[in-house]
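So the chains spell out like this:
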Amino acid sequence: AQSVTQPDIHITVSEGASLELRCNYSYGATPYLFWYVQSPGQGLQLLLKYFSGDTLVQGIKGFEAEFKRSQSSFNLRKPSVHWSDAAEYFCAVGAVVTGGGNKLTFGTGTQLKVEL
Amino acid sequence: DTEVTQTPKHLVMGMTNKKSLKCEQHMGHRAMYWYKQKAKKPPELMFVYSYEKLSINESVPSRFSPECPNSSLLNLHLHALQPEDSALYLCASSQVLGGGDYGYTFGSGTRLTVV
């Protein structure tokens with residue numbers, strides 16, 4: 001069974017500083033990996049995804065993530081954080097399921113706080 | 001149209017009530033999902049529909065009854081819920097198989113409170 005670990009529950013950064021959110025996954029085959037962002041009381045917005053090809057993935061809002069198979073990691077980065085980036089960030093691994101469809105398994109999330 | 005629309009946005013129901021949550025998408029996705037998210041927790045899968053057929057039920061209590069009447073609509077019927085069922089219920093859709101468009105689109109959710 002797949003699993004995701006996000007070791008940082010809370011992270012605080014200053015506006016304009018760089019950001020890295022950590023994600024480690026466990027999956028027996030080539031993983032489908034995702035980063036989602038959730039503002040309070042809202043649904044989840046897809047930031048970026050990886051399933052093959054270039055291991056450095058570019059997403060929306062200036063985010064990028066790097067897939068490292070040897071480390072089972074898919075860390076999210078942003079060179080300069082904006083106050084509007086404050087939110088909950090979820091890493092997820094996807095697996096195709098019997099009968100069709102895909103199951104996403106989420107990490108526990110990282111709450112990002114941005115100091116002005 | 002690249003959205004998943006969920007109604008209502010908020011719902012308060014008593015433990016003896018029957019209510020339904022609705023979800024609609026027009027992206028041509030043939031897989032649709034219900035997730036449950038408790039406060040400060042990640043979403044957890046409840047049901048998966050593929051080509052309008054139930055393909056996964058993650059051991060969800062029978063007081064939750066999903067329905068997929070057509071390829072654009074997904075309902076979640078609620079009956080005799082408990083206060084611990086209070087949560088954000090998220091609907092999502094995706095392509096059935098992987099490939100270039102692999103990834104979910106989530107709705108903004110229905111905030112359910114059971115009193």
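Our subject is the structure listed above.
Residues numbered from 1 in each chain as written. Chains lettered and ligands numbered in written order. Predicted model: local features only at pLDDT ≥ 70, side-chain atom pairs only at ≥ 80, totals over all residues. Heavy atoms only, no water.

(A) Quick look at the overall build of chain A. Scanning chain A from N- to C-terminus turns up zero helices and twelve strands. Mapped from its N terminus to its C terminus, chain A presents α and β elements in the order β-β-β-β-β-β-β-β-β-β-β-β. In terms of overall size, chain A behaves like a compact globule, its C-alpha atoms giving a radius of gyration of 14 Å where 116 residues would be expected to give roughly 13 Å. When the backbone C-alpha atoms are referred to their principal axes, chain A occupies close to 45 × 30 × 25 Å. Among the 116 residues that make up chain A, the fraction classed as buried is 47%. Across chain A, the fraction of contacts at a sequence separation of at least 24, relative to all contacts at a separation of at least 6, is 54%. As displayed, chain A offers around 5400 Å² of accessible surface, 49% of which is attributable to carbon and sulfur atoms. Charged side chains of chain A number 9 positive and 9 negative; the gap between the two group centres comes to 7 Å. (Helix = DSSP H or I, 4+ residues; strand = E, 2+ residues; numbered from the N terminus. Rg over C-alpha atoms; globule rule 2.2 N^0.38 Å. Buried < 20%, exposed > 50% of the residue type's maximum accessible area, 1.4 Å probe, protein only. Contact = heavy atoms within 4.5 Å. Areas by Shrake-Rupley, 256 points an atom, 1.4 Å probe, with all protein chains shown as cover. Lys, Arg positive; Asp, Glu negative; His and termini not counted. Charge placed at Lys NZ, Arg CZ, Asp CG, Glu CD.)

(B) Summary view of the interface of chain B and chain A. Contacts between chain B and chain A engage 28 residues on the former and 25 residues on the latter. Here chain B meets chain A over a buried area of about 2000 Å², counting both sides, of which 57% is carbon and sulfur. Our enumeration of links across chain B and chain A arrives at one salt bridge. We note a salt bridge from Lys103(A) to Glu58(B), for which the minimum N-O separation is 2.6 Å. Every element with two or more residues in the side of chain B that touches chain A is listed here: strand 4 (31–37), strand 5 (44–50), strand 6 (53–57) and strand 9 (87–94) of chain B. Residues that form the side of chain B that touches chain A fall into these classes: 14 nonpolar, ten polar and four charged. (Buried area = accessible area lost by both parts, 1.4 Å probe. Salt bridge = Lys/Arg side-chain N within 4 Å of Asp/Glu carboxyl O. Nonpolar A, V, L, I, M, F, W, Y, C, P; charged D, E, K, R; others polar.)

(C) Structural detail: the state of the cysteines. All names here are of chain B. With the rule as written, the count across this model stands at two disulfides over all chains. For Cys23, the disulfide goes to Cys91, at an S-S distance of 1.9 Å. Taking the sign of the S-S torsion, -70° for the link of Cys23 and Cys91, the bridge is left-handed. Residue Cys23 is found in strand 3 (residues 18–25), and its partner Cys91 is found in strand 9; the two are separated by 68 residues along the sequence. Both residues of the pair, Cys23 and Cys91, belong to the buried class. No disulfide involves Cys68; its sulfur sits 9.1 Å from the nearest other cysteine sulfur, which is in Cys23. (Disulfide = S-S within 2.5 Å.)

(D) Structural view of the nonpolar core. Residues and elements named next belong to chain A. Among the nonpolar cores identified, the biggest contains 26 residues, and Leu19, Trp35, Leu47, Leu48, Phe74, Leu76 and Tyr89 are the most heavily contacted of them. For this core, the element with the highest residue contribution is strand 10 (residues 87–96), accounting for four residues. The residues contacting Leu48, other than those within four sequence positions of it, are Leu33, Phe34, Trp35, Val57, Gln58, Gly59, Phe63, Glu64, Ala65, Phe74 and Leu76. (Core = buried A, V, L, I, M, F, W, Y, C linked by side-chain atoms within 4.5 Å.)

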